[in-house]
Amino acid sequence: VDMLSLAGMWLAIFVLTIFVVGALSWRKARRHGVSAWNSLAARMFLSQIPAVAVAGMLTIALGMHGAYDMIPALWLGQYGVILYSFSYFTGVEHKIESLAFLAFGAIAAFAPLNWQPSLLGLGFGGVHLLSGVMRQMRKQKERRHESD
(Lines give C-alpha, C1' and ligand atoms only; values in the text may rest on other atoms or scores of the structure.)
Protein backbone atom coordinates (compact mmCIF):
# COMPACT_ATOMS: atom_id res chain seq x y z
CA VAL A 1 0.00 0.00 0.00
CA ASP A 2 1.48 3.36 -0.97
CA MET A 3 1.51 6.29 1.43
CA LEU A 4 -1.02 8.35 -0.54
CA SER A 5 -3.60 5.51 -0.53
CA LEU A 6 -3.05 4.90 3.17
CA ALA A 7 -3.40 8.61 3.97
CA GLY A 8 -6.58 8.83 1.89
CA MET A 9 -8.08 5.81 3.61
CA TRP A 10 -7.33 7.17 7.08
CA LEU A 11 -8.59 10.64 6.18
CA ALA A 12 -11.87 9.09 5.00
CA ILE A 13 -12.14 7.10 8.25
CA PHE A 14 -11.39 10.23 10.27
CA VAL A 15 -14.08 12.27 8.48
CA LEU A 16 -16.60 9.41 8.83
CA THR A 17 -15.79 9.13 12.53
CA ILE A 18 -16.33 12.85 13.10
CA PHE A 19 -19.66 12.60 11.24
CA VAL A 20 -20.86 9.55 13.21
CA VAL A 21 -19.81 10.99 16.59
CA GLY A 22 -21.49 14.28 15.71
CA ALA A 23 -24.71 12.57 14.59
CA LEU A 24 -24.87 10.37 17.69
CA SER A 25 -24.12 13.32 19.98
CA TRP A 26 -26.82 15.38 18.29
CA ARG A 27 -29.32 12.52 18.66
CA LYS A 28 -28.50 12.02 22.33
CA ALA A 29 -28.70 15.74 23.04
CA ARG A 30 -32.05 15.97 21.24
CA ARG A 31 -33.38 13.04 23.27
CA HIS A 32 -32.40 14.88 26.48
CA GLY A 33 -33.70 18.23 25.24
CA VAL A 34 -30.34 20.01 25.25
CA SER A 35 -28.08 21.50 22.61
CA ALA A 36 -25.37 19.19 21.24
CA TRP A 37 -23.12 22.14 20.42
CA ASN A 38 -22.63 24.20 23.54
CA SER A 39 -19.66 26.01 25.02
CA LEU A 40 -18.37 22.84 26.71
CA ALA A 41 -18.56 20.79 23.51
CA ALA A 42 -16.87 23.59 21.59
CA ARG A 43 -14.04 23.87 24.14
CA MET A 44 -13.52 20.10 24.18
CA PHE A 45 -13.51 19.81 20.38
CA LEU A 46 -11.50 22.92 19.61
CA SER A 47 -8.90 22.20 22.30
CA GLN A 48 -7.91 19.02 20.45
CA ILE A 49 -7.23 20.60 17.05
CA PRO A 50 -3.53 21.19 17.86
CA ALA A 51 -3.08 17.57 19.00
CA VAL A 52 -4.75 16.22 15.85
CA ALA A 53 -2.73 18.60 13.65
CA VAL A 54 0.55 17.50 15.25
CA ALA A 55 -0.41 13.83 14.85
CA GLY A 56 -1.19 14.46 11.18
CA MET A 57 2.07 16.32 10.60
CA LEU A 58 4.13 13.64 12.35
CA THR A 59 2.30 10.89 10.43
CA ILE A 60 3.28 12.52 7.15
CA ALA A 61 6.87 13.07 8.32
CA LEU A 62 7.25 9.48 9.53
CA GLY A 63 5.81 8.20 6.27
CA MET A 64 8.16 10.36 4.22
CA HIS A 65 11.10 8.94 6.18
CA GLY A 66 9.87 5.38 5.79
CA ALA A 67 9.25 4.95 9.53
CA TYR A 68 5.87 3.29 8.98
CA ASP A 69 6.36 1.10 12.04
CA MET A 70 6.19 4.17 14.30
CA ILE A 71 2.88 5.54 12.95
CA PRO A 72 0.63 3.15 14.94
CA ALA A 73 2.49 4.08 18.14
CA LEU A 74 1.92 7.75 17.36
CA TRP A 75 -1.79 7.28 16.60
CA LEU A 76 -2.51 5.11 19.62
CA GLY A 77 -0.49 7.30 21.98
CA GLN A 78 -1.84 10.59 20.69
CA TYR A 79 -5.41 9.32 20.85
CA GLY A 80 -4.74 8.23 24.43
CA VAL A 81 -3.56 11.74 25.25
CA ILE A 82 -6.69 13.26 23.67
CA LEU A 83 -8.98 10.89 25.60
CA TYR A 84 -7.12 11.67 28.81
CA SER A 85 -7.75 15.38 28.35
CA PHE A 86 -11.44 14.65 27.64
CA SER A 87 -11.64 12.73 30.91
CA TYR A 88 -11.47 16.00 32.85
CA PHE A 89 -14.85 16.84 31.33
CA THR A 90 -16.40 13.38 31.01
CA GLY A 91 -15.16 11.30 33.93
CA VAL A 92 -13.14 8.28 34.84
CA GLU A 93 -14.33 6.07 31.96
CA HIS A 94 -12.39 8.09 29.40
CA LYS A 95 -9.37 8.13 31.72
CA ILE A 96 -9.38 4.31 31.79
CA GLU A 97 -9.83 4.17 28.00
CA SER A 98 -6.97 6.62 27.57
CA LEU A 99 -4.64 4.49 29.66
CA ALA A 100 -5.43 1.47 27.49
CA PHE A 101 -4.60 3.48 24.35
CA LEU A 102 -1.39 4.78 25.91
CA ALA A 103 -0.41 1.22 26.82
CA PHE A 104 -1.10 -0.04 23.26
CA GLY A 105 0.87 2.94 21.94
CA ALA A 106 3.82 2.09 24.15
CA ILE A 107 3.71 -1.54 23.04
CA ALA A 108 3.45 -0.48 19.38
CA ALA A 109 6.54 1.72 19.75
CA PHE A 110 8.68 -1.35 20.41
CA ALA A 111 6.72 -4.12 18.70
CA PRO A 112 7.60 -5.72 15.35
CA LEU A 113 6.01 -4.27 12.22
CA ASN A 114 3.75 -7.30 11.74
CA TRP A 115 2.10 -6.63 15.13
CA GLN A 116 1.05 -3.08 14.18
CA PRO A 117 -2.30 -3.87 12.48
CA SER A 118 -3.34 -6.04 15.42
CA LEU A 119 -2.39 -3.34 17.92
CA LEU A 120 -4.37 -0.74 15.96
CA GLY A 121 -7.34 -3.12 15.87
CA LEU A 122 -7.11 -3.90 19.57
CA GLY A 123 -6.87 -0.21 20.38
CA PHE A 124 -9.32 1.52 18.09
CA GLY A 125 -11.62 -1.48 17.71
CA GLY A 126 -11.26 -3.48 20.89
CA VAL A 127 -10.97 -0.71 23.47
CA HIS A 128 -13.88 1.22 21.95
CA LEU A 129 -16.10 -1.87 21.76
CA LEU A 130 -15.24 -2.98 25.29
CA SER A 131 -15.84 0.55 26.61
CA GLY A 132 -19.20 0.70 24.85
CA VAL A 133 -20.25 -2.64 26.27
CA MET A 134 -19.17 -1.58 29.76
CA ARG A 135 -21.11 1.71 29.51
CA GLN A 136 -24.21 -0.14 28.33
CA MET A 137 -23.95 -2.63 31.17
CA ARG A 138 -23.58 0.22 33.67
CA LYS A 139 -26.67 1.97 32.23
CA GLN A 140 -28.73 -1.22 32.47
CA LYS A 141 -27.60 -1.71 36.07
CA GLU A 142 -28.59 1.88 36.89
CA ARG A 143 -32.02 1.37 35.28
CA ARG A 144 -32.60 -1.77 37.36
CA HIS A 145 -31.76 0.17 40.54
CA GLU A 146 -34.10 3.02 39.55
CA SER A 147 -37.01 0.61 39.09
CA ASP A 148 -36.50 -1.03 42.49
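Not measured: the values here are computed from a predicted model. (Residues numbered from 1 in each chain as written. Predicted model: local features only at pLDDT ≥ 70, side-chain atom pairs only at ≥ 80, totals over all residues. Heavy atoms only, no water.)

J.: Honestly, the environment of G66 in this entry has me stumped. Any pointers?
T.: For G66, the location among the structural elements is in the loop between α3 (49-64) and α4 (71-90). Judged by relative accessible area, G66 falls into the partly exposed class, the value being 43%. Sequence separation between G66 and V34 is 32 residues; the distance between their C-alpha atoms is 47 Å. (Helix = DSSP H or I, 4+ residues; strand = E, 2+ residues; numbered from the N terminus. Buried < 20%, exposed > 50% of the residue type's maximum accessible area, 1.4 Å probe, protein only.)

J.: I'm lost on the packing of α3 against α4 in this one. Help?
T.: When two helices pack together, their arrangement is given by the angle between their axes and by how far apart the axes lie. Viewed as axis vectors pointing N to C, α3 and α4 meet at an angle of 175 degrees, and their least axial separation amounts to 10 Å. As judged from the angle between their axes, α3 and α4 are roughly antiparallel. For the pair α3 and α4, contact is made by A51, V52, A55, L58, T59, L62 and G63 and by I71, L74, W75, Q78 and I82, respectively. Tallied by class, the residues present in the contact of α3 with α4 amount to 9 nonpolar, 3 polar and no charged. (Axes fitted to C-alpha atoms, helices over the stretch in contact; angles between N-to-C directions. Parallel < 35°, antiparallel > 145°, perpendicular 65-115°, else oblique. Contact = heavy atoms within 4.5 Å. Nonpolar A, V, L, I, M, F, W, Y, C, P; charged D, E, K, R; others polar.)

J.: Just checking my understanding: could you explain the pattern of salt bridges for this structure?
T.: When the charged atoms of two side chains lie near each other, side chains of opposite charge can form a pair. Summed over the entire model, instances satisfying the criterion amount to 4 salt bridges. R138 serves as the salt-bridge partner of E142, at 2.8 Å between the closest nitrogen and oxygen. Here R138 and E142 lie together in helix α6 (residues 116-147), a separation of 4 residues that amounts to about one turn. On the accessibility criterion, E142 (37% relative accessible area) is partly exposed. Counted as one network, the salt bridges with shared partners bring together E93, E97, R135, R138 and E142. (Salt bridge = Lys/Arg side-chain N within 4 Å of Asp/Glu carboxyl O.)

J.: Please clarify how a nonpolar patch on the surface should be interpreted in this entry.
T.: Together, L11, F14, V15, I18, W37, F45, L46, I49 and V52 make up a nonpolar patch on the protein surface, roughly 860 Å² of accessible area in all. For the nonpolar patch, the leading source of residues is helix α1 (residues 3-32), giving 4 residues. With respect to the element layout, F45 can be found in helix α2 (residues 39-47). Looking at F45, the relative accessible area reads 40%, which means it is partly exposed. (Patch = residues over 30% accessible without salt bridge, like charges linked within 9 Å, V, L, I, M, F, W, Y side chains within 5 Å. Areas by Shrake-Rupley, 256 points an atom, 1.4 Å probe, with all protein chains shown as cover.)

J.: I'm lost on α4 in this one. Help?
T.: Helix length check: α4 (20 residues) gives 28 Å between terminal C-alpha atoms against 28 Å at 1.5 Å per residue, within 8%. Buried within α4 are the following residues: I71, P72, A73, L74, W75, L76, G77, Q78, G80, I82, L83 and S87. Just downstream of α4 lies G91, where phi reads positive at about 115 degrees. (Expected span 1.5 Å × (residues − 1).)

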